[in-house]
Amino acid sequence: MTTLLTYNLAVQAFDERDYRTAVERFSELLEAEPGNHNVREYLARAHYHRAALKPAEEHARAVLAEDPTNEYMTLLLIRSLERQSRRAEAAGLRRVLAA
(Lines give C-alpha, C1' and ligand atoms only; values in the text may rest on other atoms or scores of the structure.)
Protein backbone atom coordinates (compact mmCIF):
# COMPACT_ATOMS: atom_id res chain seq x y z
CA MET A 1 0.00 0.00 0.00
CA THR A 2 1.33 3.44 -0.84
CA THR A 3 1.93 6.08 1.78
CA LEU A 4 -0.69 8.40 0.30
CA LEU A 5 -3.30 5.65 0.25
CA THR A 6 -2.47 4.68 3.84
CA TYR A 7 -2.76 8.33 4.89
CA ASN A 8 -6.13 8.74 3.16
CA LEU A 9 -7.43 5.52 4.75
CA ALA A 10 -6.19 6.66 8.16
CA VAL A 11 -7.89 10.05 7.85
CA GLN A 12 -11.07 8.36 6.64
CA ALA A 13 -11.03 6.00 9.64
CA PHE A 14 -10.46 8.97 11.96
CA ASP A 15 -13.32 10.92 10.38
CA GLU A 16 -15.58 7.88 10.75
CA ARG A 17 -14.55 7.61 14.42
CA ASP A 18 -12.89 4.24 13.88
CA TYR A 19 -9.99 5.22 16.09
CA ARG A 20 -8.53 1.73 16.40
CA THR A 21 -7.99 1.53 12.64
CA ALA A 22 -6.81 5.13 12.56
CA VAL A 23 -4.17 4.40 15.21
CA GLU A 24 -2.96 1.35 13.27
CA ARG A 25 -2.68 3.27 10.00
CA PHE A 26 -1.11 6.40 11.49
CA SER A 27 1.38 4.25 13.43
CA GLU A 28 2.35 2.58 10.14
CA LEU A 29 2.88 5.98 8.57
CA LEU A 30 4.89 7.26 11.52
CA GLU A 31 7.24 4.28 11.23
CA ALA A 32 7.78 5.12 7.55
CA GLU A 33 8.14 8.88 8.19
CA PRO A 34 9.13 9.53 11.82
CA GLY A 35 9.37 13.28 11.30
CA ASN A 36 5.87 13.71 9.88
CA HIS A 37 4.35 16.28 12.23
CA ASN A 38 0.81 16.00 10.82
CA VAL A 39 0.68 12.22 11.23
CA ARG A 40 1.93 12.43 14.82
CA GLU A 41 -0.75 15.02 15.62
CA TYR A 42 -3.50 12.82 14.18
CA LEU A 43 -2.06 9.86 16.10
CA ALA A 44 -2.18 11.79 19.38
CA ARG A 45 -5.78 12.77 18.70
CA ALA A 46 -6.79 9.19 17.80
CA HIS A 47 -5.19 7.83 20.99
CA TYR A 48 -6.97 10.48 23.03
CA HIS A 49 -10.35 9.59 21.53
CA ARG A 50 -9.69 5.91 22.27
CA ALA A 51 -8.91 6.90 25.89
CA ALA A 52 -5.36 5.59 25.45
CA LEU A 53 -4.15 8.53 27.48
CA LYS A 54 -0.49 7.63 27.98
CA PRO A 55 0.25 7.27 24.23
CA ALA A 56 -1.80 10.43 23.58
CA GLU A 57 0.34 12.27 26.13
CA GLU A 58 3.59 10.94 24.64
CA HIS A 59 2.68 11.96 21.09
CA ALA A 60 1.38 15.36 22.21
CA ARG A 61 4.66 15.99 24.03
CA ALA A 62 6.61 14.97 20.91
CA VAL A 63 4.60 17.41 18.78
CA LEU A 64 5.10 20.16 21.36
CA ALA A 65 8.85 19.48 21.46
CA GLU A 66 8.96 20.39 17.77
CA ASP A 67 6.29 23.12 17.87
CA PRO A 68 5.77 24.58 21.36
CA THR A 69 3.23 27.10 20.02
CA ASN A 70 0.72 24.41 18.97
CA GLU A 71 -2.20 25.35 21.20
CA TYR A 72 -4.38 22.43 20.14
CA MET A 73 -1.74 19.88 21.20
CA THR A 74 -1.17 21.78 24.43
CA LEU A 75 -4.88 21.53 25.19
CA LEU A 76 -4.92 17.83 24.26
CA LEU A 77 -1.97 17.27 26.60
CA ILE A 78 -3.75 19.15 29.39
CA ARG A 79 -6.94 17.11 28.93
CA SER A 80 -4.92 13.86 28.81
CA LEU A 81 -3.23 14.75 32.09
CA GLU A 82 -6.52 15.73 33.72
CA ARG A 83 -8.14 12.46 32.67
CA GLN A 84 -5.19 10.66 34.27
CA SER A 85 -5.87 12.59 37.53
CA ARG A 86 -2.64 14.57 37.15
CA ARG A 87 -4.38 17.88 37.73
CA ALA A 88 -1.43 19.75 39.25
CA GLU A 89 0.69 19.11 36.18
CA ALA A 90 -2.23 20.06 33.92
CA ALA A 91 -2.83 23.28 35.89
CA GLY A 92 0.74 24.40 35.21
CA LEU A 93 0.26 23.88 31.51
CA ARG A 94 -3.09 25.70 31.62
CA ARG A 95 -1.31 28.74 33.06
CA VAL A 96 1.25 28.59 30.25
CA LEU A 97 -1.53 28.28 27.67
CA ALA A 98 -3.41 31.25 29.13
CA ALA A 99 -0.30 33.46 29.13
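Structure shown above.
Residues numbered from 1 in each chain as written. Predicted model: local features only at pLDDT ≥ 70, side-chain atom pairs only at ≥ 80, totals over all residues. Heavy atoms only, no water.

## Thoughts on the overall build of the protein
Along its length, the protein carries 6 helices and 0 strands. Reading the protein from its N end, one meets helices and strands in the order α-α-α-α-α-α. Relative to a compact globule of 99 residues, whose C-alpha radius of gyration would be 13 Å, the protein shows 14 Å and is just as compact. For the protein, the spread of C-alpha atoms along the three principal axes comes to 45 × 25 × 20 Å. The burial tally for the protein puts 38% of its 99 residues in the buried class. (Helix = DSSP H or I, 4+ residues; strand = E, 2+ residues; numbered from the N terminus. Rg over C-alpha atoms; globule rule 2.2 N^0.38 Å. Buried < 20%, exposed > 50% of the residue type's maximum accessible area, 1.4 Å probe, protein only.)

## A few points about the pattern of salt bridges
In this structure the tally under the stated criterion is 8 salt bridges. Two residues, Glu-57 and Lys-54, come together in a salt bridge whose shortest N-O distance is 3.7 Å. With Glu-57 and Lys-54 both in helix 4 (residues 53-66) and 3 residues apart, this pair spans about one turn of that helix. Taking the relative accessible area as the measure of exposure, Glu-57 reaches 4% and is therefore buried. Classification of Lys-54 by relative accessible area gives partly exposed; the value is 43%. (Salt bridge = Lys/Arg side-chain N within 4 Å of Asp/Glu carboxyl O.)

## Some thoughts on the packing of aromatic side chains
In the structure shown here, the tally under the stated rule is 5 aromatic pairs. Relative to Tyr-42, the ring of Phe-26 lies with its centre 4.9 Å away and its plane at 10°, an arrangement referred to as stacked. Taken together, the residues span a long stretch of sequence, with Phe-26 in helix 2 (residues 19-32) and Tyr-42 in helix 3 (residues 37-49) at a distance of 16 residues. For the residue pair Phe-26 and Tyr-42, the accessibility class agrees, reading buried in each case. Three or more aromatic residues joined by ring pairs form one cluster here, namely Tyr-7, Phe-14, Tyr-19, Phe-26 and Tyr-42. A cation over an aromatic ring shows up here: Arg-83 above the ring of Tyr-48, its NZ or CZ 4.8 Å from the ring centre. (Phe/Tyr/Trp six-rings, centres within 6.5 Å; stacked < 30°, edge-to-face > 60°. Lys NZ or Arg CZ within 6 Å of the ring centre and 35° of its normal.)

## As for the environment of Glu-57
Through-space distance from the C-alpha of Glu-57 to that of Gln-84 is 10.0 Å; in sequence the pair is 27 residues apart. In this structure, Glu-57 is in contact with Leu-77, Ser-80, Leu-81, Gln-84 and Arg-86, ignoring residues within four places of it in sequence. Among the polar contacts listed, one links the side chain of Glu-57 to the side chain of Gln-84, at a separation of 3.2 Å. (Contact = heavy atoms within 4.5 Å. Polar contact = N/O pair within 3.5 Å; in protein donor to acceptor, adjacent residues only side chain to side chain.)

## Focus: the nonpolar core
Among the nonpolar cores identified, the biggest contains 14 residues, and Phe-14, Ala-22, Phe-26 and Ala-46 are the most heavily contacted of them. Elements supplying a minimum of two residues to this core: helix 1 (3-15), helix 2 and helix 3. Among the elements that make up this core, the one with the highest residue count is helix 2 (6 residues). Ignoring sequence-local partners within four residues, the contact set of Phe-26 consists of Tyr-7, Ala-10, Val-11, Phe-14, Val-39, Tyr-42 and Leu-43. Of all hydrophobic cores here, the second largest spans 13 residues; its members include Leu-53, Leu-64, Leu-76 and Leu-81. (Core = buried A, V, L, I, M, F, W, Y, C linked by side-chain atoms within 4.5 Å.)

Worth remembering: the numbers are spatial, not functional.
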